[in-house]
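Chains, contacts and geometry: an overview
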Amino acid sequence: MAKTDKELFRDYLMSKEKGQSDNVGALYLTGHECFGIDEMLRDVVNSIVNADPQPVEELDFLMQELRGLLHNLAHVRNGFIAYKASQEAA
């Protein structure tokens, strides 16, 4: 029986890229508050309003963090598509 996309994605996150000691999930997703983006935005706004009077620097930092997250998500997406294709071909 063929695995579902959900099962394949779980397998992909646990797989390792050549030359890497961590699995894909740890390499690209750990350390990002993927499911707390609304909280992160609220924290940045609160920091700017209440603590740090440097809104441009705070916003630049947030944009850099989000760029990194988008880069990693794109890598995971493209890697999963290739992983799924290789599993279906096997």
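As a reminder, the structure under discussion sits directly above these lines.
Read on for an overview of the structure. Everything numeric in this text was worked out from a predicted model, so none of it was measured.

1. So, the packing of helix H3 (residues 37-51) against helix H4 (residues 55-89)
Look at H3 against H4: their axes get within 9 Å of each other, and the N-to-C directions meet at 165°. The angle between the axes of H3 and H4 places the two elements in the roughly antiparallel class. Of the two possible hands of crossing, H3 and H4 adopt the one that is right-handed. In this structure, H3 contributes Ile37, Met40, Leu41, Val44, Ser47 and Ile48 to the contact, and H4 contributes Pro55, Glu58, Leu59, Leu62, Leu66 and Leu69. Its residues assigned to classes, the contact of H3 with H4 shows 10 nonpolar, 1 polar and 1 charged.

2. Focus on the pattern of salt bridges
This model, assessed by the stated rule, comprises 2 salt bridges. Asp11 is the partner of Lys3 in a salt bridge, and the nearest nitrogen-oxygen pair spans 2.5 Å. According to the relative accessible area criterion, Lys3 is partly exposed, its value standing at 48%. Taking the shortest distance from any N to any O, the salt bridge between Lys84 and Asp5 comes out at 2.8 Å. Linking Lys84 in helix H4 with Asp5 in helix H1 (residues 5-14), this pair joins segments that are 79 residues apart in sequence.

3. Let's talk about the packing of aromatic side chains
Inspection of every chain in the model, using the stated rule, returns 3 aromatic pairs. Between Phe9 and Phe80, the aromatic rings sit 5.2 Å apart at their centres with planes inclined by 80°, giving edge-to-face as the arrangement. Linking Phe9 in helix H1 with Phe80 in helix H4, this pair joins segments that are 71 residues apart in sequence. Phe9 gets classed as partly exposed once you look at its relative accessible area, which sits at 31%. Residues Tyr12 and Tyr83 carry aromatic rings whose centres are separated by 5.5 Å and whose planes lie at 45° to one another, so their mutual orientation is tilted. Residue Tyr12 is found in helix H1, and its partner Tyr83 is found in helix H4; the two are separated by 71 residues along the sequence. A connected cluster of aromatic rings, assembled from ring pairs, spans Phe9, Tyr12, Phe80 and Tyr83.

Cut-offs used in this document
Residues numbered from 1 in each chain as written. Predicted model: local features only at pLDDT ≥ 70, side-chain atom pairs only at ≥ 80, totals over all residues. Heavy atoms only, no water. Axes fitted to C-alpha atoms, helices over the stretch in contact; angles between N-to-C directions. Helix = DSSP H or I, 4+ residues; strand = E, 2+ residues; numbered from the N terminus. Parallel < 35°, antiparallel > 145°, perpendicular 65-115°, else oblique. Left-handed = near helix turned anticlockwise from the far one by under 90°. Contact = heavy atoms within 4.5 Å. Nonpolar A, V, L, I, M, F, W, Y, C, P; charged D, E, K, R; others polar. Salt bridge = Lys/Arg side-chain N within 4 Å of Asp/Glu carboxyl O. Buried < 20%, exposed > 50% of the residue type's maximum accessible area, 1.4 Å probe, protein only. Phe/Tyr/Trp six-rings, centres within 6.5 Å; stacked < 30°, edge-to-face > 60°.

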